[in-house]
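Letter by letter, the chains look like this.
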Amino acid sequence: MDKKNFRVLKLLNNNIILAFDIDNKEEVILLGKGIGFGKKENKKAYISRDSIEKSFVTYDDKMTNDYFKIVNNTDSKVIEISEKIIDIAEKKLGDLNSHIHILLTDHIGFAIERVNSGLEITNPFIDEINILYPEEFKIAGDGISLIKENLDIDLGDGEVGFIAMHLHSARKNINVRETVKSTRILNEIVNIIEDGLNIKVKKTDYEYKRLINHLQGALDRIKNKKTIKNPLLSNIKEQFKDSFEIIEKIKKKIEEEYETKVLEEELGYMAIHIERLKG
């Protein structure tokens, strides 16, 4: 049987331990059914690879302590389901930031508490999230089904979007608050466009999906201070004057949110997408 040499640092429960990987010289969290049984803290232990269902590196003491708090205050079934969702995500998306083990488990545990308390979970950005992060959204939907099947709790469609944002943030190594902020701003920009055109955009339309994807790219460029050339800018400003009135409101919104200047070249491309929504 293939075994690895560890020093057991802390036993969280029979299924989760903090250990020092002697071969790789790093602290890791090990998860596996009964993996902690019979182990003693501060002692060496040979653990078979087959018994390790999941492992991830702890980067610092804060991360380790945060995970311990989650484990000590969360139903083991919730931890197990969260890890299954993370495992599915990593198989399809690649390695995720290790903090997902803390953030997603905590989020799902809190969502379950809210539902059990009779509070409805709503997500005003569900359509935008589905368009922007389709792979994460599909995995999150499967995760919600797993929770329903194993815990008999229906977190609802809104929670699919929130879990998807956590997965996307871990995939891109960014703070989940940044993902939420970007999605909120996109939603508010769409509201500005709808008010300016006096229409209600069909969020299933192809043009809407093109608009959302373009706006996301534009926000990324603006945040990272990347420039884009627009050789048609003069013609766009002349032909699409009405759209540029809407664009000015969008410009103000983005500059207030990110405290940076938005170049006219970027705004010109936005105007083209707004024109397409006129039908």
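Whatever comes next refers back to the structure up there.
Since this is a predicted model, take the numbers as computed values, not measurements.

Definitions and limits used
- Residues numbered from 1 in each chain as written.
- Predicted model: local features only at pLDDT ≥ 70, side-chain atom pairs only at ≥ 80, totals over all residues.
- Heavy atoms only, no water.
- Pairing = 2+ DSSP bridges.
- Helix = DSSP H or I, 4+ residues; strand = E, 2+ residues; numbered from the N terminus.
- Axes fitted to C-alpha atoms, helices over the stretch in contact; angles between N-to-C directions.
- Contact = heavy atoms within 4.5 Å.
- Buried < 20%, exposed > 50% of the residue type's maximum accessible area, 1.4 Å probe, protein only.

A. Structural view of the sheet that holds strand β3 (residues 26-31). One open sheet accounts for 5 strands, arranged β4-β1-β2-β3-β5; its pairing is antiparallel. This sheet does not close on itself; its edge strands, each paired only once, are β4 (43-48) and β5 (54-57). Strand-to-strand twist in this sheet, taken as the mean axis angle between neighbours without regard to direction, amounts to 40 degrees. In the sheet, strand β1 (residues 3-13) pairs with β4 via 6 bridges, with the strands oriented antiparallel. Bridged to Val8 within β4 is Lys43. Most of the contacts of helix α1 (residues 61-73) go to β1, to which it runs at about 60 degrees, and overall it touches β1, β2 (16-21), β3 and β5.

B. Examining the pairing of β5 more closely. Covered by surrounding structure in β5 are Lys54 and Phe56 only, the residues Ser55 and Val57 on the alternate face being uncovered. Note: β3 against β5, 4 bridges, orientation antiparallel. When the sheet's bridge partners are listed, Leu30 is paired in β5 with Ser55.

C. Representation of the environment of Ile17 within the structure. For Ile17, the location among the structural elements is in strand β2. With relative accessibility at 0%, the residue Ile17 sits in the buried group. Put simply, Ile17 and Gly36 are 19 residues apart on the chain and 6.2 Å apart in space, counted from C-alpha to C-alpha. Not counting residues up to four positions away in its chain, the partners in contact with Ile17 are Lys10, Leu11, Leu12, Val28, Ile29, Leu30, Gly36 and Ile47.

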